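# Topology and contacts: notes
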Amino acid sequence: MMELRLQFFAKDGPGGEKTEEPTAKRLDDARKEGQVAKSREVTNALSLIALFLILKIFVGFIGNELLELFCGMYSKIPEVFVMWNGTVPAGDLTVLLRNSLVSILIVLAPFFLIGFLVAFVGDYVQVKWKFTTKPLQPKLNKMNPISGMKKIISLNSLMELIKALLKIGLIAYVVYTTIRNQYNVIYLLFQMQLWQGVLLAGTMAIDLGLKCSFVYMLIAAIDFIYQKRKFRKDQMMTKQEIKEEFKQSEGDPQIKGKIRQKMREASQRRMMQDLPKADVVITNPTHLAVAIQYDKEVAEAPIVLAKGQDYMAQKIKEAAKEHKIEIVENKPLARMLYHNVEIGQQIPPELYQAVAEVLAMVYQAQGKI
């Protein structure tokens, strides 16, 4: 006979096939590791749309500011040459260029800031805020050539190739159709003055950029759906992983069972130790037994000192006989006490009358009343 280990034939190794939905802990651990369902294309598309929208709205303002800066910078050059007799020291020229660069940055700074905010919002909308440095930490498994080859030749690489071809194809089509429909306008550029031609070409370029950005956004939406599904699939768990996670978070069920058994045994020992204080044991008569104590100095109402079912009920009755405690058969009362009152608790008011009748009968038999 040959021993067969069927777990080695499982789809995903000894743990079996990943058929279970990821738990909240699994998703939270993945998030701490920097693994989230995010599409870079969404952020890129939003940034492009924001850029071209800003240019379309503020291109005139930017042009005027840069033109005034250009004219102002060149208007100062003759003054500087006259001051230095035709030669400009390198230090002064550096200061002039630095001041011009600062002025350009001041004009463009709001647009850079808006671009940063759009990129931040694009990432935040997808994955919320979670700062972690774990993705930056070096990992030896990333240097494994076999793992690298698997990443190169994989379904993800194929999807990235398809996505790149789709982007190039759609954007190329949009550019071609836009330019084809504006042939007549493009021919007019040769008859316009330079400034008019620049304005027209800039407007056409911005409109074309907006069209390409919206097409890019469509691709990004498809990629985002794919990344969400892929991430969910990658985080799927095997039944064994579910069991291991449950053991780590809740404890080993076998160990917890043993602990509960020990606690029950300790509770039963305390219960049997208190049993001699009981005034009466009410039975079912064979399946249930409940020991009752009534002491005005301890509590205002009778207390359940012990209760048990089947084997434990027999043990309670044996202990009652040993300590000469009255045993009274009352099936309805025994069931009510067993199922509704815990050990050490007082009986509820609705059972006062029934328990009082039993206690009165016991006290009368003992000659106490």
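Placed above this text is the structure.
Given the structure is predicted, the values throughout are model-derived calculations rather than measurements. (Residues numbered from 1 in each chain as written. Predicted model: local features only at pLDDT ≥ 70, side-chain atom pairs only at ≥ 80, totals over all residues. Heavy atoms only, no water.)

## Focus on the overall build of the protein
Of regular secondary structure, the protein possesses 12 helices and 4 strands. Across the 369 residues that make up the protein, the buried fraction comes to 26%. In the protein, the share of contacts with a sequence separation of at least 24, taken over all contacts with a separation of at least 6, comes to 74%. Entry remark: accessible area of the protein is about 25,900 Å², with carbon and sulfur atoms responsible for 63%. (Helix = DSSP H or I, 4+ residues; strand = E, 2+ residues; numbered from the N terminus. Buried < 20%, exposed > 50% of the residue type's maximum accessible area, 1.4 Å probe, protein only. Contact = heavy atoms within 4.5 Å. Areas by Shrake-Rupley, 256 points an atom, 1.4 Å probe, with all protein chains shown as cover.)

## Focus: the packing of aromatic side chains
Taken as a whole, this structure holds 0 aromatic pairs when the rule is applied. The ring of Tyr338 is capped by Lys307, whose NZ or CZ atom sits 5.1 Å from the centre of that ring. (Phe/Tyr/Trp six-rings, centres within 6.5 Å; stacked < 30°, edge-to-face > 60°. Lys NZ or Arg CZ within 6 Å of the ring centre and 35° of its normal.)

## Points about helix 11 (residues 331–340)
Within the sequence span of helix 11, burial applies to Leu333, Ala334, Leu337 and Tyr338. Considered in projection along helix 11, the buried side chains sweep an arc of 125° and stay on one side of the axis. Its side-chain oxygen placed 3.2 Å from the backbone nitrogen of Leu333, Asn330 serves as the N-cap of helix 11. (Arc of directions from axis to C-beta. Polar contact = N/O pair within 3.5 Å; in protein donor to acceptor, adjacent residues only side chain to side chain.)

## As for the sheet that holds strand 2 (residues 288–293)
Two strands in a sheet stick together by hydrogen bonds in their backbones, pointing the same way (parallel) or opposite ways (antiparallel). Taking strand neighbours across the sheet as the criterion, the 4 strands line up as 3-2-1-4 in an open arrangement whose pairing is mixed. Both outer strands of the open sheet, strand 3 (303–309) and strand 4 (326–329), are each paired with one neighbouring strand and no more. The average angle at which neighbouring strand axes cross in this sheet is 20°, direction not considered. Two elements, strand 1 (residues 280–283) and strand 4, share 4 bridges in a ladder whose sense is parallel. Among the inter-strand pairings, Thr283 is bridged to a residue of strand 4, identified as Glu329. (Pairing = 2+ DSSP bridges. Axes fitted to C-alpha atoms, helices over the stretch in contact; angles between N-to-C directions.)

## Thoughts on the pairing of strand 1
Alternating residues of strand 1 divide into Val280 and Ile282 and Val281 and Thr283, and every residue in both groups is buried. Looking at chain direction, strand 1 and strand 2 are connected through 4 bridges and run antiparallel. If you follow Thr283 over to strand 2, its bridge partner there is Ala289. In textbook terms, the turn of a hairpin is the stretch between consecutive antiparallel strands, and for strand 1 and strand 2 this stretch comprises 4 residues.

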